[in-house]
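Residue-level listing of the chains:
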Amino acid sequence: MTNAIELPFVSVIVPCRNEIRFLGRCLDSILAGDYPASRLEVLAVDGRSTDGTRELIEQYAARDGRVRMVDNPQATTPVALNRGIEAARGNVIARVDAHAAIAPEYLCRAVAHLETSGASNVGGPMRTLAQDAGPWAGPIVAALSHRFGVGNSYFRVGSEEPRWVDTVFGGCWPREVFEIVGRFNPELRRSQDMEFSLRLKANGLGTLLAPDVRSDYYARTRPADFIRHNFVNGQWAVLPFVFSTVIPVSLRHLIPLGFALALLAAVAAVPWSAEPLGLVTVPYAIANGIASARVAIKERKLPYLFRMPVVFFALHFSYGVGSIAGALEVAAMRLRPVRWKEKSCAPQP
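Residues numbered from 1 in each chain as written. Predicted model: local features only at pLDDT ≥ 70, side-chain atom pairs only at ≥ 80, totals over all residues. Heavy atoms only, no water.

Asker: I would appreciate a short explanation of the overall build of the protein in the present structure.
Answerer: Helix and strand counts for the protein stand at 14 helices and eleven strands. Radius of gyration (C-alpha) of the protein: 21 Å, near the 20 Å computed for a compact globule of 349 residues. Counting the 349 residues in the protein, one finds 51% classified as buried. For the protein, the proportion of contacts with a sequence separation of at least 24, taken over those separated by at least 6, is 79%. With an accessible surface of roughly 16,300 Å², the protein has 57% of that area assigned to carbon and sulfur atoms. On the protein, the mean spot of the 38 positive side-chain charges and the mean spot of the 31 negative ones are 4 Å from each other. (Helix = DSSP H or I, 4+ residues; strand = E, 2+ residues; numbered from the N terminus. Rg over C-alpha atoms; globule rule 2.2 N^0.38 Å. Buried < 20%, exposed > 50% of the residue type's maximum accessible area, 1.4 Å probe, protein only. Contact = heavy atoms within 4.5 Å. Areas by Shrake-Rupley, 256 points an atom, 1.4 Å probe, with all protein chains shown as cover. Lys, Arg positive; Asp, Glu negative; His and termini not counted. Charge placed at Lys NZ, Arg CZ, Asp CG, Glu CD.)

Structure below.
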């Protein structure tokens, strides 16, 4: 991969809506990378932003011919991805989130892994960083990067060796993949990446996590934003079951649902017996305490010993309660069936 002419043309799709705080850093990281400029385009797919994001994209496009703006009237991520794919000229499609910044060698290494590994999707671990400062920012970042917080989500907790996984952050695909399994499901405002990767797997195609394909992600670290975001993520761990033809999530996405249901049921049983509450809370408190202590020791910060248990619980419980809400929505949809527009994500002729 030493000759730029031999490299595939790469189209990077950046879905965005009202991302004036982060989009410039994202675009700068892509344009400053070591992938040859003549073999690269960047499609900022904007969902009718009102905060100056569109004007920012126009500024980038005016000074760098690699950047184009694509309109996304529906203002949802899967539609943005599908519109980006339709507008892309590349035979390799990469997704980079507006809240992310990629390493200079990200695209070169992702393309190299596509060519040598047999994978149909390549991504890497992301380093979680705080959007905002504050006493809870560090603990929230730590929880989102810890196995007790996010389970076996390898793109969050990292991996020392390349490994086959259920999904990755971002993604990089040969264009022909979309002719085989179709586009992103437009009904899935969230979890569309996981559902798409599982459709890949159902078609015998693999997703590779490569440790040298590195990126940063700026996570919500204000407590209210953190809890709200996890609640919605929890909803979308369940809602995809209505709109997908495959099991659209992994087991780790449903564990918080079981935890929240067990805890709420145990609390409801307290007037008759406190034993169920102890059976739920004591094992969880022990595991939470051990994980929190390890984080505090690793970070060498005593306050983490007291803040991490709160953050871990907030992460798990808000996600689980969101999943309960999602399950209730699914039940309501089943009573009044929703037609999934299968043609919207079917392979295009």
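Now that the structure is up, let's keep going.
Asker: Help me understand the packing of helix 12 (residues 255-268) against helix 14 (residues 304-335), please; the structure alone is not making it clear to me.
Answerer: Two quantities define a packed helix pair, namely the angle between the helix axes and the distance between the axes. Where helix 12 meets helix 14, the axes come as close as 7 Å, and the angle between the chain directions of the two elements is 90°. Classified by the interaxial angle, the pair formed by helix 12 and helix 14 is roughly perpendicular. Every residue of helix 14 that contacts helix 12 at Pro 256, Leu 257, Phe 259, Ala 260, Leu 261, Leu 263 and Leu 264 is listed here: Phe 313, His 316, Phe 317, Tyr 319, Gly 320, Val 321, Ser 323 and Ile 324. Across the contact of helix 12 with helix 14, the residue classes tally to twelve nonpolar, three polar and no charged. (Axes fitted to C-alpha atoms, helices over the stretch in contact; angles between N-to-C directions. Parallel < 35°, antiparallel > 145°, perpendicular 65-115°, else oblique. Nonpolar A, V, L, I, M, F, W, Y, C, P; charged D, E, K, R; others polar.)

Asker: Got a minute to help me understand the sheet that holds strand 7 (residues 126-130) in this structure?
Answerer: Hydrogen bonding along the main chain pairs the strands of a sheet, whether they run parallel or antiparallel. Taken in spatial order, the three strands of this open sheet run 5-11-7, and their pairing is mixed. Both edges of this open sheet fall to strand 5 (100-102) and strand 7, since each of them pairs with a single strand only. Here the average twist between neighbouring strands, direction ignored, is 25°. The strands that helix 1 (residues 23-31) touches are strand 5 and strand 11 (215-219); relative to strand 5, the one it contacts most, it runs at about 15°. (Pairing = 2+ DSSP bridges.)

Just geometry here; none of it tells us what the structure is for.
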